[in-house]
Amino acid sequence: MAVYTDITEGQLRAFLSDYDLGELLSYRGIAEGVENSNFIVHLDGGEFILTLYEKRVNERELPFFVGLMDHLAGKGFSCPRPVQRRDGGAIGHLAGRPAAMVTFLEGVWPREPLPAHCEGVGEALARMHCDVGDFAGRRRNGLSLCDWRPLFEQVGERADDVIAGLAAESRAMLDRLEEEWPQDLPSGVIHADAFPDNVFFLGDRFSGMIDFYFACNDLFAYDVAIALNAWCFDADHRFDRQKGAALLAGYQRARALSDAEKAALPALCRGAATRFMLTRLYDWIHTPDGATVTKKDPAQPLAWMRHHAGVSDPGAYGLSE
Ligand SMILES: Nc1ncnc2c1ncn2[C@@H]1O[C@H](COP(=O)(O)OP(=O)(O)O)[C@@H](O)[C@H]1O
Ligand SMILES: N[C@@H](CCOP(=O)(O)O)C(=O)O
């Protein structure tokens, strides 16, 4: 579960006294998530999500994340909107952690995504990419190509204790990615973690996107590649072309991919799979046994990476002409 920092009712009441949200009715910790501590807080003024930002979120970057959600919500994009305190700020402190209240989004994330969900997330990502056009904030992607090798080297040969041969396989993939990584594609602020657990639906209708804490400036098509990985493989790690086609069609309904972006998809998919394999591998090795968080298996994105290693034709992802 992910409640790293617990709070007392007294601490919460003191924190809420800076807001105009009415009386506290109830609150409880949310087990899901891996990065931060989240609580659902029920007040006279409605339901809100309280997030206490844990160590991996840099406090100096919070204005970027909060500003981005506020900007997107202002454009009509369905995402949590940071709630302003009476003094106009949105970031406070609670139990020694930076903390913010955001609006509650209706919906649930799809445990077994269908093509209609893939289409929905594709279109939502494209809308986000259009809506950030006039967002002034910038954030470097701390998990981009140049960060992957140093991250891998913090694991090094111990990768072989997790999966036999993984150290050499990772190094070979990093060599390849450093050779082939595309330059000069359209870029802007991307979500960078649009996995199913961060996208809500009511039935098969998109109802909102959460967890913007990896958002950064990078290639728009890289965000698409992340989503192709996260949404379009089945439980046996086989790529489902129908889901890929739905995701890409949904995306292109709101923003057309250029020929250069389409051509780059195989390399971007390899890179996206490698990025998630590496962070999961790092966490697998560095998270102490008994920690209150579910470790995610690096074998899953490794299977994705191996699939993309053999792809050269972007049509394999379901692109239509
Ligand atoms: N704005 C929101 N509305 C409704 N539920 C939310 C909202 N934000 C977070 N949640 C709930 O909290 C869980 C964890 O949130 P998430 O942002 O993914 O955490 P983490 O950053 O720790 O990974 C989500 O799966 C969802 O159940
Ligand atoms: N999506 C990442 C992990 C990040 O977790 P989140 O709960 O913040 O979405 C992965 O699958 O490795």
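Residues numbered from 1 in each chain as written. Chains lettered and ligands numbered in written order. Predicted model: local features only at pLDDT ≥ 70, side-chain atom pairs only at ≥ 80, totals over all residues.

- The name given to the protein in an unreviewed UniProt entry is Homoserine kinase, with Notoacmeibacter marinus as the source organism.
- In its Catalytic activity (unreviewed entry) section, the UniProt record describing the protein reads: "L-homoserine + ATP = O-phospho-L-homoserine + ADP + H(+)".
- Per UniProt, the protein has the following entry under Pathway (unreviewed entry): "Amino-acid biosynthesis; L-threonine biosynthesis; L-threonine from L-aspartate: step 4/5." (UniProt positions renumbered as here; feature names shortened; annotations may be inferred.)

**Points about helix α10 (residues 299–309)**
Now for step 1: Within α10, burial applies to P301, L302, W304, M305 and H308. With its buried residues spanning 160° around the axis, α10 presents them on a single face.
Now for step 2: Along its buried surface, α10 packs onto α6 (166–180), α7 (220–232) and α9 (259–286). (Buried ≥ 20, exposed ≤ 12 C-beta atoms within 10 Å, placed from the backbone. Helix = DSSP H or I, 4+ residues; strand = E, 2+ residues; numbered from the N terminus. Arc of directions from axis to C-beta. Contact = placed C-beta atoms within 7 Å.)

**What about unusual backbone geometry?**
Now for step 1: Even without a glycine there, the phi angle at D211 is positive, about 60°.
Now for step 2: Using a count of 23 C-beta atoms within 10 Å as the deciding quantity, one classes D211 as buried.
Now for step 3: Of note in the backbone geometry, H237 takes a positive phi value of approximately 65° without being a glycine.
Now for step 4: Mapped onto the elements, H237 comes out in the loop between α7 and α8 (241–254).

**Topic: the site of ligand 1**
Now for step 1: Neighbouring residues of ligand 1: 18 residues in total, closest E32, G33, E35, P80 and D211.
Now for step 2: Tallied by class, the residues present in the shell around ligand 1 amount to 10 nonpolar, four polar and four charged. (Near = placed C-beta within 6 Å. Nonpolar A, V, L, I, M, F, W, Y, C, P; charged D, E, K, R; others polar.)

**Side note on the site of ligand 2**
Now for step 1: Lining the immediate surroundings of ligand 2 are G33, V34, E35, D193, F195, D197, N198, D211, F276, T279, R280 and K296.
Now for step 2: When grouped by side-chain class, the residues that make up the shell around ligand 2 number three nonpolar, three polar and six charged.

**Comments concerning α8**
Now for step 1: For α8, with 14 residues, the first-to-last C-alpha span of 20 Å sits near the 20 Å given by 1.5 Å per residue.
Now for step 2: Three or more residues of α8 are buried, namely K243, G244, A245, A246, L247, L248, G250 and Y251.
Now for step 3: Check the buried side of α8 and you find it contacts α3 (115–131) and α7. (Expected span 1.5 Å × (residues − 1).)

**Some details on the nonpolar core**
Now for step 1: By size, the foremost hydrophobic cluster in this structure holds 84 residues, and its most contacted members are V121, A221, A225, A227 and L247.
Now for step 2: Here this core spans two domains, since at least three of its residues come from each of domain 1 (9–103) and domain 2 (115–317).
Now for step 3: Dropping the residues within four chain positions of it, A225 is found in contact with L265, L268, C269, G271 and A272. (Core = buried A, V, L, I, M, F, W, Y, C linked by C-beta atoms within 7 Å. Domains from an automatic or database assignment.)

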